[in-house]
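Descriptive structure summary
Chain by chain, the residues:
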Amino acid sequence: MIQAKCQIVEKKQVAEKIFVMVFEHAVIASKSKPGQFVHINLGPGSVLRRPFSVYDTYRDTFSILFQVVGSGTNRLATYRPAQSLDVIGPLGHGYPLEGEKPVLVGGGMGLASLKLLHKRFIDSKKDDVRVILGFSSNVCAVEWPEADVCTEDGSLGKKGIVTGLLNEELKSGADAVYACGPEAMLKKVGDATKGKKIPTYLCLERYMACGVGACLSCVCETKTGLKRVCREGPVFKSDDIIFNETGEKKNSAKKKKET
Amino acid sequence: MDISIDLAGIKLNNPVIAAAGTFGNSDEYGQLVNISLLGAVTTKGLSIEPWKGNPYPRMVETVGGLINSVGLQNKGVKDFIADDLPLLRALDAKVIVNIVGKTIEEYAQVASVLDNEVGVDAVEVNISCPNIKKGGSSFGTDPKIAAQVVAAVKKKTKKVVIAKLTPNVTDVSEVAKQVELAGADAISLINTVKAMSVDADTRQSKLATLYGGLSGPAVKPIALRMVHEVSQTVKVPIIGMGGISNTKDALEFIIAGAQAVAVGTATFNNPQTMINIINDIKDYLKDNDLTLKKLSGSLKSN
Ligand SMILES: Cc1cc2nc3c(=O)[nH]c(=O)nc-3n(C[C@H](O)[C@H](O)[C@H](O)COP(=O)(O)OP(=O)(O)OC[C@H]3O[C@@H](n4cnc5c(N)ncnc54)[C@H](O)[C@@H]3O)c2cc1C
Ligand SMILES: Cc1cc2nc3c(=O)[nH]c(=O)nc-3n(C[C@H](O)[C@H](O)[C@H](O)COP(=O)(O)O)c2cc1C
Ligand code: FES
């Protein structure tokens, strides 16, 4: 992990309220592994940084994909190419690469943490890798041609939720599962592979202050006690996580705001 | 330029300290901050047995600050001694151990466990903890009980004892006076300000607990006033904190009467905050032909 001023070299709006922002920094770009995140300072007068998955890396650049959901992301969206932001990264433990027929499951902006993982699987000749993306409605025009898409209202791709498609993949021999998205979805993904001896990795989201393990604001419950999502996570083995109500409560609150 | 200070007998290379609960227990920030350059680091509050803390969510950002309800989650003082203290010794850092308890006896036990540990320079008694024998109200809100906690700790240790005061009281000077009488070698203030944040969509508190503690720039004016008041009442040195984010903020606390300053929330925003303050204080003193001693408590009357 390092802290560095990173220049924005590109900013692209890919859908309503959704942006890709590309930053230049050779060290962060080369050190970032799939599932890791960067912690971005939003500039003068801000109090807390905001965490975002490393969406992609290319040569000396890394990018994030983010949705404007509140004041922080709103402010982030005002920055333009040639401006610089103070970034700490890469942070946390990402996804280990396992399986011959892995399935990646993304819900909403959770897809951001899976793009680089997909790339690494392709790099290592695991061409059978599958991608399933779910959205609440047709909001996300992220170009990902290989992905099977479903929406809750049927406005894009299949009508339904990701676990429907995931179960089909599991029947046809998927042997590792990776998921990132709302906690209720992660819980369902974990349930789908429970007892099947299929390694399942889930990427959690929490409010974060320090991002390095110092403040204990981002904890989640696991079978071996409380863990810091920023430090021991954000990726955990599905069997280790103990889901509780607070994660779901927060997600439903978030959903209400989005719709 | 020499900006070292003598804090109740501990020599610090500079007056800038990492505040309790915001800098981990040892080298959490080690890859970003050169810890040996800091005046001292303060650990997370440590209890005799591990504490689980409060449920998530434990943190919410507000205008100019944040409210936390971490609830003093910690691994317990023994695990700290085994896992973290060796790292801190290797870094050659000055170490203040923040201690917590649910009863006066528990505070005394933690102090006694630490008493013979090399590399612990001081214990900071966090009297903001809920007192279970008194229905959960904080030890620090009653000057007499605050003094009893400090006296009990003092009895169990030869280390420097710092009393950390809560701002959630009517008369902070009275608490300061009592803990000084009870033997506190130094006083640090302020801890977080009791606060709340409501989500109008869900009509729930944004924290899993109803209330939390506010820190950051929003509390700075209150903290400054309290540091000044306490400096008018006690003779022991004061570590001032609450919303310090830059060198100017730090200088204001020193002018108001502090001998040292601590930085918490601002480190989350920029881990280099303390290092920047240390460097800039030197420049400020040089430019104004001042020393820290002359600056401390030098507030002029209007
Ligand atoms: C490790 C990690 C990786 C992330 N990666 C991405 C990403 O690649 N793309 C992306 O768009 N978002 C990502 N997020 C979520 C992103 O950090 C939040 O959306 C952002 O912090 C919201 O800030 P805000 O001030 O705009 O929203 P706020 O005004 O603080 O909140 C608006 C809404 O967002 C929710 N929210 C706020 N912060 C978080 C958070 N840290 N985690 C979950 N929900 C939150 C709140 O419940 C609220 O409903 C990630 C979060 C984590 C922890
Ligand atoms: C996340 C967090 C955890 C804290 N934990 C402790 C603690 O364990 N013990 C303690 O005495 N103070 C604790 N504090 C209070 C700080 O040490 C400090 O007194 C307060 O935050 C004001 O300073 P600041 O505005 O610079 O953060 C904590 C503060 C925060 C934000
Ligand atoms: S964000 Fe501070 S410990 Fe995870």
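Keep in mind the model is a prediction, meaning the values are calculated, not measured. (Residues numbered from 1 in each chain as written. Chains lettered and ligands numbered in written order. Predicted model: local features only at pLDDT ≥ 70, side-chain atom pairs only at ≥ 80, totals over all residues. Heavy atoms only, no water.)

Next up on the list: the site of ligand 2. Residue and element names in this part refer to chain B. Taken together, 23 residues form the shell around ligand 2, and within it Ala20, Lys164, Gly216, Gly243 and Thr265 come nearest. At a separation of 3.0 Å, a nitrogen atom of ligand 2 approaches a polar side-chain atom of Lys44. Contact between ligand 2 and Ile190: an oxygen atom at 2.9 Å from a main-chain N or O atom of the residue. Within the complex, 98% of the 610 Å² of free accessible area of ligand 2 lies under protein. Here the residues of the shell around ligand 2 sort into seven nonpolar, 14 polar and two charged. (Near = heavy atom within 4 Å. Polar contact = N/O pair within 3.5 Å; in protein donor to acceptor, adjacent residues only side chain to side chain. Areas by Shrake-Rupley, 256 points an atom, 1.4 Å probe, with all protein chains shown as cover. Nonpolar A, V, L, I, M, F, W, Y, C, P; charged D, E, K, R; others polar.)

Let us now look at the confidence of the model for chain B. Low-pLDDT portions of the prediction should not be read for the details of their coordinates. Of all residues in chain B, 100% attain a pLDDT of 70 or more, and the chain-wide mean is 96. Scored as a complex, the prediction yields pTM 0.95 and ipTM 0.95. (pLDDT = per-residue confidence, 0-100.)

Moving on, we get to the site of ligand 1. Residue and element names in this part refer to chain A. Not every one of the 21 residues close to ligand 1 is listed here, only the nearest: Pro51, Leu65, Gly72, Thr73 and Tyr207. Within the contact set of ligand 1, an oxygen atom lies 2.7 Å away from a backbone nitrogen or oxygen of Gly72. Interatomic distance of 2.7 Å between a side-chain N/O atom of Tyr207 and an oxygen atom of ligand 1. Its free accessible area being 860 Å², ligand 1 has 90% of it covered by the protein chains. Per element, the largest residue contribution to the shell around ligand 1 is four residues, and it comes from strand S4 (residues 50-53). The residue inventory of the shell around ligand 1, partitioned by class, reads ten nonpolar, six polar and five charged. Residue assignment places the shell around ligand 1 across two domains, with domain 1 (2-91) and domain 2 (102-240) each supplying three or more. (Helix = DSSP H or I, 4+ residues; strand = E, 2+ residues; numbered from the N terminus. Domains from an automatic or database assignment.)

A separate point is the interface of chain A and chain B. Each side of the interface is counted separately: chain A has 34 residues, and chain B has 30 residues. Buried surface at the junction of chain A and chain B, both sides included, amounts to about 2,800 Å², of which 56% is carbon and sulfur. When the buried surface of chain A facing chain B is broken down by residue, Met1, Val47 and Leu216 of chain A rank first, second and third, together holding 21% of it. For the interface between chain A and chain B, the tally reads two salt bridges. Here Lys52 of chain B makes a salt bridge to Glu221 of chain A, at a shortest N to O gap of 3.3 Å. Between chain A and chain B we count 15 residue pairs in polar contact (both at pLDDT 80 or more) in total. Of all elements in the fold, only strand S1 (2-15), strand S7 (84-91), strand S14 (219-222), strand S15 (225-228) and helix H6 (245-258) of chain A reach the threshold of two or more residues within the side of chain A that touches chain B. Ranked by residues supplied to the side of chain A that touches chain B, first place goes to H6 of chain A with six residues. Looking at the side of chain A that touches chain B, its residues break down into 16 nonpolar, six polar and twelve charged. (Contact = heavy atoms within 4.5 Å. Buried area = accessible area lost by both parts, 1.4 Å probe. Salt bridge = Lys/Arg side-chain N within 4 Å of Asp/Glu carboxyl O.)

This paragraph deals with helix H1 (residues 77-91) of chain B. Residues and elements named next belong to chain B. Relative to the 21 Å expected for 15 residues at 1.5 Å per residue, H1 spans 19 Å between its end C-alpha atoms, a close match to the ideal helical length. Its axis deflected by about 45° at Asp84, H1 carries its strongest bend there, up to four residues before the proline Pro86. Taken as a whole, H1 has its buried residues at Val77, Phe80, Ile81, Asp84, Leu85 and Leu88. For H1, the elements touching its buried residues are strand S4 (40-42), strand S7 (95-99) and helix H2 (104-114). One or two residues past the end of H1 sits Asp92, with phi positive at roughly 60°. (Expected span 1.5 Å × (residues − 1). Bend = angle between axes of the 7 residues up to and from the residue. Buried < 20%, exposed > 50% of the residue type's maximum accessible area, 1.4 Å probe, protein only.)

A few words on the nonpolar core. Among the nonpolar cores identified, the biggest contains 140 residues, and Ile99, Leu114, Leu165 and Leu189 of chain B are the most heavily contacted of them. Of the residues that make up this core, three or more belong to each of domain 1 (2-91) and domain 2 (102-240) of chain A. Counting residues in hydrophobic clusters, the runner-up holds 27 residues, among them Ile18, Leu117, Cys180 and Val235 of chain A. (Core = buried A, V, L, I, M, F, W, Y, C linked by side-chain atoms within 4.5 Å.)

Another point: the domain arrangement of chain A. Accessible area lost during the coming together of the parts is what is often quoted as the interface size. Residue and element names in this part refer to chain A. For chain A, the assigned domains are domain 1 (2-91) and domain 2 (102-240). Each of domain 1 and domain 2 was reduced to a C-alpha centroid, and the two centroids are 21 Å apart. At the junction of the two partners, domain 1 supplies 22 residues and domain 2 supplies 22 residues. Counting the surface lost from both domain 1 and domain 2, the interface buries some 1,900 Å², and carbon and sulfur atoms represent 65% of this. Interface area lost by domain 1 to domain 2 is led by Pro34, Tyr55 and Leu65, which between them contribute 28%. Linking domain 1 with domain 2 are one salt bridge, by the criterion used here. Between the two partners, domain 1 and domain 2, sit four residue pairs in polar contact (both at pLDDT 80 or more). Contributing elements (two or more residues each) for the side of domain 1 that touches domain 2: S1, strand S3 (37-40), S4, strand S5 (56-58) and strand S6 (61-67). The element that contributes the greatest number of residues to the side of domain 1 that touches domain 2 is S6, accounting for three residues. Along the lines of polarity and charge, the residues of the side of domain 1 that touches domain 2 split into twelve nonpolar, six polar and four charged.

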